[in-house]
Amino acid sequence: MTAAKGKQTLWIIIKYLSLTLGAFISVLPVVVCVITAFKTPDEYANTNVMTLPQSWTYFENFVQAWKQANMGLAFRNSLIILVFVLLGSVFTGSMIAYILSRFKFMGNGLIRSLFLFASLLPGIAMQVSVYQIMYTLGWINYLPGYIIMMCGTDIISIYIFIQFFENISPALDESAIMDGCTYFGVFFRILFPLLKPAIVTVMILKGVGVYNEYYTANLYLQNKNKLVTVATSLFKFTGPLGNQYNYICAGVIITMIPALLIFVSCQKQIYSGLTQGAVKG
């Protein structure tokens, strides 16, 4: 009994030590970023990353990051992209999921398998063909074209909606159709309002990805004076002679503030959407 209790205590200690280590590793880059953002250029050049700044009221790095990186324009472009991409992903993903889950037709299983196969392919491997398509359509340095490409066919969103649809009784559809409702009416009036948890889940997953997207934004929005986004704006402080990490860290903190405010104000809805929409069934 004593040996078993000792093993249980040892397991608890190991568990908490691993959690503490994981939390430390996760928080350390943020701590370093905050420390660096408040350092003067001389402090940044002559101290290590963990040395605290002499003053926590030095905001010149934030001012310079905002001005030089044109972050006002970057936030505007990112907001436009985010709104239209989320709307497109939610509507197209839910409609495709509605068709695949409610209508049994020849090729239904094949389409699902192709979606699954496409989700296994790394995005970087398909960028050559995607770039050729974008170039042929004239969508390089074209914000609406980039938005359409980012909407795309979000496989994860489709599977989340399919999983949620399969837990909604088809009797709702049949009753509405018997009352004279069309398929569009069934979807928009009855089923779509029930998808709120799944919609929240999709918006979180897609929104975080779009907001932080750097590679495709840098590849297709090459005009950094007009089509800069939040993720590409801080590229202004990198160059062949070195990187200005004090400005970069200040800019990173600025970009984190909107996401942090949204999370704090909507955390109840976020947790509810993740738990109900992602693990339904």
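Residues numbered from 1 in each chain as written. Predicted model: local features only at pLDDT ≥ 70, side-chain atom pairs only at ≥ 80, totals over all residues. Heavy atoms only, no water.

Visitor: What exactly am I supposed to notice about the packing of aromatic side chains here?
Guide: Any pair of aromatic rings gets described here by the distance separating the centres and the angle formed by the planes. Summed over the entire model, instances satisfying the criterion amount to 15 aromatic pairs. Ring centres of F38 and F59 lie 5.8 Å apart, and the angle between their planes is 70°; this geometry places the pair in the edge-to-face category. Linking F38 in the loop between α1 (2-37) and α2 (41-46) with F59 in the loop between α2 and α3 (60-68), this pair joins segments that are 21 residues apart in sequence. (Phe/Tyr/Trp six-rings, centres within 6.5 Å; stacked < 30°, edge-to-face > 60°. Helix = DSSP H or I, 4+ residues; strand = E, 2+ residues; numbered from the N terminus.)

Visitor: What exactly am I supposed to notice about helix α11 (residues 196-212) here?
Guide: Since there are 3.6 residues in each turn of an α-helix, residues three or four apart along the chain are aligned in direction. Over its 17 residues, α11 runs 24 Å from end to end, which matches the ideal 24 Å to within 8%, given 1.5 Å per residue. Along α11, the residues that are buried comprise P197, A198, I199, V200, T201, V202, I204, K206, G207, V210 and Y211. (Expected span 1.5 Å × (residues − 1). Buried < 20%, exposed > 50% of the residue type's maximum accessible area, 1.4 Å probe, protein only.)

Visitor: Quick question: what am I supposed to make of the confidence of the model for the protein here?
Guide: Any residue range with low pLDDT should be treated as having predicted coordinates unsuitable for detailed reading. Per-chain confidence: the protein averages 84 in pLDDT, with 91% of residues scoring 70 or above. Confidence, expressed as mean pLDDT per element, reaches its minimum in the protein at helix α14 (residues 245-278) with 75 and its maximum at helix α4 (residues 71-102) with 91. Note that pLDDT drops below 50 for residues 277-281; the model gives that stretch 15 contacts with residues more than four away or on any other chain. (pLDDT = per-residue confidence, 0-100. Contact = heavy atoms within 4.5 Å.)

Visitor: For this particular structure, what's the right way to read the nonpolar core?
Guide: Most often, soluble globular proteins keep nonpolar side chains buried together rather than apart. Within the largest apolar cluster, 23 residues are counted, with the highest numbers of intra-cluster contacts made by F161, F165 and L195. Counting residues per element, this core draws most heavily on helix α8 (residues 155-165), at seven residues. In contact with F161, not counting residues within four places along its chain, are V90, G93, S94, A97, L195, A198, I199 and V202. Residues L234, F237, I248 and C249 belong to the second largest nonpolar core, which totals 18 residues. (Core = buried A, V, L, I, M, F, W, Y, C linked by side-chain atoms within 4.5 Å.)

Visitor: In this structure, what is going on with the packing of helix α9 (residues 171-178) against helix α10 (residues 183-194)? I would like to understand it.
Guide: Helix packing geometry: the angle between the two helix axes and the distance between the axes. Where α9 contacts α10, the axes come no closer than 10 Å and their chain directions differ by 140°. Overall, the two elements α9 and α10 adopt an arrangement that is oblique. Here α9 runs over α10; the crossing is right-handed. Between α9 and α10, the contacting residues are L172, D173, A176 and I177 on the first element and Y183, V186, I190, L191 and L194 on the second. A per-class count over the contact of α9 with α10 returns eight nonpolar, no polar and one charged. (Axes fitted to C-alpha atoms, helices over the stretch in contact; angles between N-to-C directions. Parallel < 35°, antiparallel > 145°, perpendicular 65-115°, else oblique. Left-handed = near helix turned anticlockwise from the far one by under 90°. Nonpolar A, V, L, I, M, F, W, Y, C, P; charged D, E, K, R; others polar.)

Visitor: Help me out: how do you make sense of the pattern of salt bridges in this one?
Guide: Where charged atoms from two side chains of opposite charge approach closely, those side chains can pair. For the structure shown, the criterion picks out two salt bridges. A salt bridge links R112 to E166; the shortest N-O distance between them is 3.4 Å. Here R112 is found in helix α5 (residues 108-120), whereas its partner E166 is found in the loop between α8 and α9, with 54 residues between them in sequence. (Salt bridge = Lys/Arg side-chain N within 4 Å of Asp/Glu carboxyl O.)

Visitor: Is there a simple way to think about the environment of T232 in this case?
Guide: Inspection of the secondary structure assignment puts T232 in helix α13 (residues 230-233). In this structure T232 comes out as buried when scored by relative accessible area, which is 3%. For the pair T232 and E60, spaced 172 residues apart in sequence, the C-alpha separation works out to 21 Å. Apart from the residues lying within four places of it in its own chain, the contact partners of T232 are Y214, A217, N218 and K224. Engagement of the side chain of T232 in a polar contact is seen with the backbone nitrogen of T229, the distance being 3.0 Å. (Polar contact = N/O pair within 3.5 Å; in protein donor to acceptor, adjacent residues only side chain to side chain.)

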